[in-house]
Amino acid sequence: MSAGLFISFEGIDGAGKSTHIAGLAEALRAAGRTVVLTREPGGTPLSEQLRALVLNDPMDPLTEALLMFAARREHLLQVIEPALGRGDTVLCDRFTDATFAYQGGGRGFDAEVLRTLETWVQAVPALPTGLRQPDLTLWFDLAPQEAARRLAGARAPDKFESQPVEFFRRVAAGYQARRDAEPGRFARIDAGRPREDVWADVRGAVQAKGWLP
Ligand code: TYD
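All figures in this text were calculated on a predicted structure; none of them were measured in a lab.

1. Examining the site of the ligand
Move 1: For the ligand, the set of nearby residues contains 17 residues, the closest of which are Asp13, Arg94, Thr99, Gln103 and Arg155.
Move 2: Gln103 places a side-chain nitrogen or oxygen 2.8 Å from a nitrogen atom of the ligand.
Move 3: Here an oxygen atom of the ligand sits 3.1 Å away from a polar atom, N or O, in the side chain of Glu161.
Move 4: Surface burial for the ligand is 91%, taken as the share of its 550 Å² of free accessible area covered by protein chains.

Below, the structure written as structure tokens:
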């Protein structure tokens, strides 16, 4: 059985990752892979219920961080690990980097606590590192001002989307810090260009890993 692949997609709200997730799923399927498309928070019935709460109800920052990780634990055990075990390719719209960026950077929540939660929640003893992380994280990097312009006038914003641009500057800095800590896992995509150029980079990053012809 071939090893599964785990690819996550990150970026501030409005960075435009959604169309490229769908495009990459299609390209990988055309290359013969079985693709599981999923998202965080969410991906299981329970985790989707937690998503509805955490994206809409005001709450304490620790509660918010714990719910993100609670949703993640269910998702990891019920969807991600079984898919990787079958040799499937998992495309996940956001994963733990989003918690470090939004709850850590955006909300200012203690990164050490987040690291402890990450270690508990993503523990997979069979792995050499003992910790499940994406094999590749595509980070759609876009200036917060430009993301705000793109979001204006779109559908009704949720709790995060309605944050001021200053919040997204901190979220972007949170992503940058995660990338600096683990440069080998990240591919930074300049999302401020025309869609075809962004797509060429997305495809290129996956080809560079040898996962697409
Ligand atoms: P998003 O992925 O942008 O989905 P949609 O395109 O449907 O809006 O929305 C998820 C939101 O949840 C986004 O604002 C980021 C936030 N989020 C966190 O704050 N922490 C996390 O750990 C995750 C996974 C998401």
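Here the narrative resumes.
2. Side note on helix α2 (residues 45–56)
Move 1: Taking 1.5 Å per residue, 12 residues should reach 16 Å; α2 reaches 17 Å between its end C-alpha atoms and fits that length.
Move 2: Among all positions in α2, only Ser47, Leu50, Arg51, Val54 and Leu55 are buried. Take α2 and look down its axis: the buried residues cluster within an arc of 120°, on one side only. Structural note: α2 exposes Pro45, Gln49 and Asn56 on the side pointing more than 90 degrees away from its buried face.
Move 3: Those residues of α2 that are buried are in contact with β2 (35–39) and α3 (61–86).

3. Quick notes on the sheet that holds strand β3 (residues 89–93)
Across a sheet, strands are paired by hydrogen bonds formed along the backbone, either parallel or antiparallel in direction.
Move 1: Pairing is parallel across the open sheet formed by five strands, whose spatial order is β2-β3-β1-β4-β5. The strands lining the two open edges of the sheet, one partner per strand, are β2 and β5 (186–190). This sheet shows a mean twist of 20° between the axes of neighbouring strands, independent of strand direction.
Move 2: Across the face of the sheet, helix α1 (residues 18–30) comes into contact with β1 (5–11), β2, β3 and β4 (136–141) while running at roughly 175° to β3.

4. A word on the layout of surface pockets
Move 1: Approximately 670 Å³ is the volume found for the largest pocket.
Move 2: Along the wall of the largest pocket there are 30 residues; nearest its centre are Asp13, Lys17, Arg94, Arg155 and Glu161.
Move 3: Mapped by element, the contributors of at least two residues to the lining of the largest pocket are α2, α3, α4 (96–106) and α6 (144–151).
Move 4: A per-class count over the lining of the largest pocket returns 12 nonpolar, six polar and 12 charged.
Move 5: Size it by volume and the second largest pocket reaches roughly 190 Å³.
Move 6: What lines the second largest pocket is simply Gly14, Ala15, Gly16, Ser18, Thr19, His20, Arg150, Ala191, Arg193, Pro194, Arg195 and Val198.
Move 7: If you list the elements that add at least two residues to the lining of the second largest pocket, you get α1 and α8 (195–208).

5. Here's the deal with the side chain of Asp88
Move 1: With respect to the helices and strands, Asp88 occurs in the loop between α3 and β3.
Move 2: A distance of 3.0 Å separates the side chain of Asp88 from the side chain of Arg86, its partner in a polar contact.
Move 3: Setting aside its immediate chain neighbours within four residues, Asp88 contacts Gly4, Leu5, Thr34, Val36 and Ala83.

Definitions and limits used
By convention here, each chain's residues receive numbers from 1 onward along its written sequence. Residues qualify for local features only when their pLDDT is at least 70, as the model is predicted, and side-chain atom pairs are given and counted only at 80 or more; totals for whole chains, interfaces and linings, by contrast, use all residues. Based on all heavy atoms of the structure, the side-chain values leave hydrogens and waters out of the count. Put simply, a residue is near a molecule or strand once any heavy atom of it comes within 4 Å of that molecule or strand. Residues adjacent in sequence count toward polar contacts only when both atoms are side-chain atoms; beyond that, a polar contact is any pair of N or O atoms within 3.5 Å, and within protein one must be able to donate a hydrogen and the other to accept it. We get accessible surface area from the Shrake-Rupley algorithm with a probe of 1.4 Å; when it comes to residues, only the shown protein chains can shield them. Put simply, DSSP marks the helices as runs of H or I at least four residues long and the strands as runs of E at least two long, and each gets a number from the N terminus on. One fewer than the residue count of a helix, multiplied by 1.5 Å, yields its expected span. For the exposure calls, accessible area comes from a 1.4 Å probe over protein chains only, and a residue counts as buried if that area is under 20% of its type's maximum, exposed if over 50%, partly exposed in between. The arc in question is the one traced by the directions running from the helix axis out to the C-beta atoms. Whether two residues touch is decided by their heavy atoms; if any such pair falls within 4.5 Å, the residues are in contact. Two strands pair if DSSP finds at least two bridges between them. Note on geometry: axes are lines fitted to C-alpha atoms, helical ones only across the stretch in contact, with angles between N-to-C directions running from 0 to 180 degrees. Buried and open spaces are told apart on a 1 Å grid over the protein atoms alone, a cavity being a set of points where a 1.4 Å probe fits but cannot get out and a pocket being an open set with protein on both sides within 12 Å along at least five of seven lines. Residues with an atom within 4 Å of a point are the lining residues. Grid points are joined across faces, edges and corners, and a volume is the space filled by probe spheres set on the points. Polarity classes work like this: nonpolar for Ala, Val, Leu, Ile, Met, Phe, Trp, Tyr, Cys and Pro, charged for Asp, Glu, Lys and Arg, and polar for all others, with Gly in that last group.

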